[in-house]
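For reference, the chains in residue letters:
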2 protein chains.
Amino acid sequence: MPKNPALARLPGFRDFPPEDLAVRSHIFRAWREACRRYGFQEYDGPPLEPLDLYTEKSGEEIVGQLYAFRDRGGRHVALRPEMTPSLARILAERAQALPKPIRWFSIPQLFRYERQQRGRLREHFQWNADIVGEAGVGADAEVVALAVDALRILGLGPQDFRVRVSHRQLVSALLLGSGVAPDKLPVAFGVVDKLERESRQRSLDRLRQECGLGVSEAEAVLQLFESSDLERAAEVHGEDPEVAGALADLRSLRQVLDEMGMGPFVEFDLRIVRGLAYYTGMVFELFDRKGELRAVCGGGRYDRLLELVGGEPLPAVGFGMGDVVLGELLAERNLIPSYRRAVDLFVAAVSEAQRELLHRIVAAQRAAGKSVVYPLRHQPLRRQLATAAAEGAERAVLLGPGEVERGVAKVRDMATGREVEVPLQALLAGKGGDGDGNA
Amino acid sequence: MPKNPALARLPGFRDFPPEDLAVRSHIFRAWREACRRYGFQEYDGPPLEPLDLYTEKSGEEIVGQLYAFRDRGGRHVALRPEMTPSLARILAERAQALPKPIRWFSIPQLFRYERQQRGRLREHFQWNADIVGEAGVGADAEVVALAVDALRILGLGPQDFRVRVSHRQLVSALLLGSGVAPDKLPVAFGVVDKLERESRQRSLDRLRQECGLGVSEAEAVLQLFESSDLERAAEVHGEDPEVAGALADLRSLRQVLDEMGMGPFVEFDLRIVRGLAYYTGMVFELFDRKGELRAVCGGGRYDRLLELVGGEPLPAVGFGMGDVVLGELLAERNLIPSYRRAVDLFVAAVSEAQRELLHRIVAAQRAAGKSVVYPLRHQPLRRQLATAAAEGAERAVLLGPGEVERGVAKVRDMATGREVEVPLQALLAGKGGDGDGNA
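Residues numbered from 1 in each chain as written. Chains lettered and ligands numbered in written order. Predicted model: local features only at pLDDT ≥ 70, side-chain atom pairs only at ≥ 80, totals over all residues. Heavy atoms only, no water.

(A) Region of the structure containing the overall build of chain A. A count of helical and extended segments in chain A gives 17 helices and 17 strands. Taking 22 Å as the expected radius of gyration for a compact globule of 439 residues, we find that chain A reaches 29 Å, considerably beyond that expectation. Considering only contacts in chain A between residues 6 or more positions apart, those separated by 24 or more positions represent 64%. Surface exposure of chain A reaches about 17500 Å², of which carbon and sulfur atoms provide 47%. When the 59 basic and 63 acidic side-chain charges of chain A are each reduced to a single mean position, those positions are 7 Å apart. (Helix = DSSP H or I, 4+ residues; strand = E, 2+ residues; numbered from the N terminus. Rg over C-alpha atoms; globule rule 2.2 N^0.38 Å. Contact = heavy atoms within 4.5 Å. Areas by Shrake-Rupley, 256 points an atom, 1.4 Å probe, with all protein chains shown as cover. Lys, Arg positive; Asp, Glu negative; His and termini not counted. Charge placed at Lys NZ, Arg CZ, Asp CG, Glu CD.)

(B) Representation of the confidence of the model for chain A. Of all residues in chain A, 96% have pLDDT values of 70 or greater, and the mean over the chain is 93. Here the complex is predicted with pTM 0.96, and the ipTM for its interfaces comes to 0.95. (pLDDT = per-residue confidence, 0-100.)

(C) Broad picture of the sheet that holds strand E3 (residues 68-70) of chain B. All names here are of chain B. Spatial strand order, E2-E4-E3: three strands in an open sheet with antiparallel pairing. Both outer strands of the open sheet, strand E2 (48-50) and E3, are each paired with one neighbouring strand and no more. Put simply, the sheet's adjacent strands are angled 35 degrees from each other on average, direction ignored. Of the strand pairs in this sheet, E2 and strand E4 (residues 76-79) are connected by three bridges, and their pairing is antiparallel. Bridge pairing links Pro50 to Val77 in E4. (Pairing = 2+ DSSP bridges. Axes fitted to C-alpha atoms, helices over the stretch in contact; angles between N-to-C directions.)

(D) Focus on the pairing of strand E10 (residues 282-288) of chain A. Residue and element names in this part refer to chain A. Across the seven residues of E10, seven count as buried, placing the element largely inside the fold. The side-chain alternation of E10 yields two buried faces, one formed by Met282, Phe284, Leu286 and Asp288 and the other by Val283, Glu285 and Phe287. For strand E8 (residues 161-167) and E10, the ladder comprises seven bridges, and the chain directions are antiparallel. Looking at the pairing, Arg164 lines up with Glu285 of E10. (Buried < 20%, exposed > 50% of the residue type's maximum accessible area, 1.4 Å probe, protein only.)

(E) Inspection of the sheet that holds strand E2 (residues 48-50) of chain A at higher detail. Residues and elements named next belong to chain A. With respect to topology, three strands assemble into an open sheet ordered E2-E4-E3, the strand pairing being antiparallel. Single-partner strands in this sheet number two, and they are E2 and strand E3 (68-70). This sheet shows a mean twist of 35 degrees between the axes of neighbouring strands, independent of strand direction.

(F) Representation of the domain arrangement of chain A. On domain assignment, one finds that chain A holds domain 1 (10-332) and domain 2 (343-428). Averaged C-alpha coordinates put domain 1 of chain A and domain 2 of chain A at centres separated by 53 Å. (Domains from an automatic or database assignment.)

(G) Molecular detail of the pattern of salt bridges. With the rule as written, the count across this model stands at 84 salt bridges over all chains. With a shortest N-O distance of 2.9 Å, Arg274 of chain A and Glu285 of chain A are connected by a salt bridge. Note that Arg274 of chain A is positioned in the loop between strand E9 (266-268) and E10 and Glu285 of chain A in strand E10, a separation of 11 residues in sequence. Neither residue differs from the other here; Arg274 of chain A and Glu285 of chain A are each classed as buried. A salt bridge links Asp44 of chain B to Arg80 of chain B, with the shortest nitrogen-to-oxygen separation between them at 3.3 Å. Here the residue Asp44 of chain B occupies a position in the loop between strand E1 (41-42) and E2, and Arg80 of chain B occupies one in the loop between E4 and helix H4 (84-94), the gap between them amounting to 36 residues. The network of salt bridges with common partners includes Arg9 and Asp15 of chain A together with Glu49 and Arg89 of chain B. (Salt bridge = Lys/Arg side-chain N within 4 Å of Asp/Glu carboxyl O.)

(H) Just the packing of aromatic side chains, in detail. Residues and elements named next belong to chain B. Counted by the stated rule, this structure contains 27 aromatic pairs over all chains. The ring of Phe16 carries the charged tip of Arg24 above its face, separated from the ring centre by 4.5 Å. One cation-aromatic arrangement involves Arg168 over Phe189; the distance from NZ or CZ to the ring centre is 5.4 Å. (Phe/Tyr/Trp six-rings, centres within 6.5 Å; stacked < 30°, edge-to-face > 60°. Lys NZ or Arg CZ within 6 Å of the ring centre and 35° of its normal.)

(I) Main features of the pairing of strand E12 (residues 316-322) of chain B. All names here are of chain B. With seven of seven residues buried, E12 is to be regarded as a mostly interior element. Covered by surrounding structure in E12 are Ala316, Gly318, Gly320 and Gly322 together with Val317, Phe319 and Met321, the residues of both alternating faces. Across seven bridges, the pairing between strand E7 (residues 123-132) and E12 is antiparallel. From the neighbouring strand, Trp127 faces E12, where its bridge partner is Met321.

(J) Up close: the relation of the copies chain A and chain B. Mapping chain A onto chain B leaves a residual RMSD of 0.0 Å; the transformation is a rotation of 180 degrees accompanied by 0.0 Å of translation along its axis. The transformation relating the two chain copies, once decomposed into turn and shift, fits a two-fold axis. Looking at the rotation axis and the C-alpha trace of chain A, the residue lying nearest is Phe69 of chain A, at 3.2 Å. Most of the interface of chain A is mirrored in chain B: 100% of its interface residues are interface residues there too. (Least-squares fit on C-alpha atoms with pLDDT ≥ 70 in both.)

(K) Region of interest: the interface of chain A and chain B. With 97 residues of chain A in contact, the opposing surface of chain B contributes 97 residues. Of the roughly 8200 Å² buried where chain A meets chain B, counting both sides, 55% is carbon and sulfur surface. Considering only the surface of chain A that becomes buried against chain B, Leu7, Arg72 and Leu376 of chain A emerge as the three largest contributors, covering 9% of it. Inspection of the chain A/chain B interface yields 14 salt bridges. (Buried area = accessible area lost by both parts, 1.4 Å probe.)

(L) Fine view of the environment of Val404 of chain B. Residue and element names in this part refer to chain B. Here Val404 is to be found in helix H16 (residues 401-405). Separated by 47 residues in sequence, Val404 and Leu357 place their C-alpha atoms 9.1 Å apart. Residues within four places of Val404 in sequence aside, it is in contact with Gln354, Leu357, Leu399 and Leu424.

(M) The arrangement of the packing of helix H5 (residues 137-153) of chain A against helix H11 (residues 241-259) of chain A in detail. All names here are of chain A. Running from N to C, H5 and H11 cross one another at 50 degrees; their axes reach a closest spacing of 9 Å. Judged by the angle between their axes, H5 and H11 are oblique. Viewed along their axes, H5 and H11 form a crossing whose handedness is right-handed. Together, Val137, Asp140, Ala141, Val144 and Ala145 of H5 and Asp249, Ser252, Leu253, Val256 and Leu257 of H11 make up the contact between the two elements. Across the contact of H5 with H11, the residue classes break down as seven nonpolar, one polar and two charged. (Parallel < 35°, antiparallel > 145°, perpendicular 65-115°, else oblique. Left-handed = near helix turned anticlockwise from the far one by under 90°. Nonpolar A, V, L, I, M, F, W, Y, C, P; charged D, E, K, R; others polar.)

(N) Unusual backbone geometry, seen in detail. In this chain, Lys100 of chain A is followed by Pro101 of chain A through a cis amide linkage whose omega measures -5 degrees. Here Pro101 of chain A lies in the loop between helix H4 (84-94) and strand E5 (102-106). For Asn334 of chain B, which is not glycine, the phi dihedral falls at a positive 55 degrees. Here Asn334 of chain B shows up in the loop between helix H13 (323-332) and strand E13 (343-349).

(O) Fine view of helix H8 (residues 200-209) of chain A. All names here are of chain A. For H8, every residue scored as buried is listed here: Ser203, Leu204, Arg206 and Leu207. An end-on view of H8 places all buried positions within 165 degrees of arc, on one side of the element. Elements that come into contact with the buried residues of H8 comprise helix H7 (185-193) and helix H9 (215-226). (Arc of directions from axis to C-beta.)

(P) Highlighting the packing of helix H6 (residues 168-177) of chain B against helix H7 (residues 185-193) of chain B. All names here are of chain B. The N-to-C vectors of H6 and H7 enclose an angle of 110 degrees; their axes lie 11 Å apart at closest approach. In terms of orientation, H6 lies roughly perpendicular with respect to H7. Mapping the contact onto sequence places Arg168, Val171, Ser172, Leu175 and Leu176 in H6 and Leu185, Ala188, Phe189 and Val192 in H7. Looking at the contact of H6 with H7 residue by residue, the class counts come to seven nonpolar, one polar and one charged.

(Q) Inspection of the environment of Ile153 of chain B at higher detail. All names here are of chain B. Relative to the helices and strands, Ile153 is located in helix H5 (residues 137-153). Along the backbone, Ile153 and Asp130 are 23 residues apart, and their C-alpha atoms lie at a distance of 19 Å. The residues touching Ile153, leaving out its near neighbours within four places in the chain, are Ala30, Glu33, Ala34 and Arg37.

As structure tokens, this is what we get:
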């Protein structure tokens, strides 16, 4: 803690000293590598946006947690709590000119003033990936596969996580077909969303009291949503064309993912609702297999969002994956590479007389792409070698008067202690730093 | 523009669609590559900090331009306008435990509510690099060399930019030795800072009226600061130990940079002052050689900053380099790589019958590290090939019924149109995507 507590880091925010930044970079690298393999292009938007961008279409939960204020020009502004409205705004200006489908991703830092609890943060980095301009199941499958592949790149397998897939229109049709009145649908979705956290009895009561169902109707709804496959939905409601259409879509989705080898990761689960109001079709969440953590990732199809910012209607499907829960999952599975400092070369001079030579070799080796450190002021050789070890140098170039006179330097392998002599000419030409005396 | 202007991007903020993000990434990559070669480690801090972190020690200019507000918990907070106070806070907690010197860098986005003019922005990304815990000239030289090398990695040479170096203590001693009273030093620094922008007569007048100098004293000061080398300072004031010490430091700095091959980039120029109040020794700014743009980079030695946040006294030297002016310089020199979309493979199926095979090949090639796109719904082959070209695919895998029956697929080089047959087994094993039929 700084001595002046008024200068302390704000609660819910993180510093990233190098050892923590390395973890963040490890995760970002996997996200970007997955996007590269899937042909997604990176974009970004401003972290500060007009407040209206969020109040017009975000869920109430988000609006109540905004970092909102008036800027010096009197504008109502907010730190971005989610990326999709910015994406919608950016695409509203340019989507018409872009070939479809648009495959874009971003890694914004997002901000929400949540009540402080269990180490919950007020900022996180969230990988957003979206396919815009393609309404079919092929795009749904592609974004689910992308999310899965990023985690595979990080070393996670089907024993570590699963994707739970549902479908907004399917759930709507099933609820309506079970006797829920259209005006009770939002409440019924709320009950479905809480099925895993509330007791069965409480859910039954709510379906009866808040959604107007009879005892047997409420029981039938619960059985439908407790089923881990879609067979029961097909049996009971399969003749409803809405249900049949959505089921066909989900089966196609499953088939594509099976063909891509993603089958072991994917489950259907009609209890997945997603908090945000804007999803219109397939929705999914990605959880650790043990079910101990919050969702690692959530997304789905949202075909109407772009209209809300004045853009042309464009189908879209995508997801957001945060760095915090993912980091917890990786840590639990020992999949975070241990942090160690590393440079290619440490260049040491026995006396001040070799200082000019040292500077010339350092510059030459760096120009050749090596990472090089050296003592910024003269020190005894023993001290320099200790620093070389602390910096994680792979090799040390030792400039001693005897060798320099003969036109060579010792290059020491810091792991084995083995030393070879390398001509100064090679070192000054940016070579020989890997201990190859003939380089 | 979105149809609803209330949703438009805030003035002074940038969107980064892929073609613009590619430029940003190009610059960030060069910054990170230079840091890698110099053994610097990346860190980051929160973009939102306690307001006091800036009001306590930043220049007045910054405080008047803060994005400051009260959060939902009543805290006075601000979007970070500069990185150094966060660095000081982070180091105050942990510098004692770290081996010195500490070589850290960061690429934060910074925010200032500047009056809108000439396309000036209210946010930019600024590369910050600092060496902490080493008071000698060696560290000064190292950060200047780092800044120069990043620009060299981007393709800029001595014909494109120069580093102008000065020294706070030297300028103080010269002004005091020229007859400026200690309490007039800040005003005199202000005159020096404006020498290049104000007329010679105006500067003379100010030195006389605001700094209390006589005619000949004022003239002598101007001649001192108009000189492009340090010879005149040495001649006239060389016996002042403060002057002699600072001159010796600057000569050592120059020598190290010469030995590193940076000589052609470096000039001494006592008119470089730096706006911020906290510099204590060497200061520098990096400008385009034509002098048409604002400073690309500025920095220097600031040995007292860490004390201000309650840390141990630690010498420090560093700089900040923004992405905006640098981007203008690169654009002017045609050093921004032209943007083009590119993927390794496009996989096309002649009919729906090859769809399963297509999905399996796509997954296998991606697992092998290739970037692969394919039509998310079935399309005529001609349309698919047009998409492959638009995506910048290097090769296209064509799955036709005849070839598939024979266990092969055509792989077309999209640039030459040349086609080879590759066994499906190879493609399904993640090989053969580079058109090597025997892979």
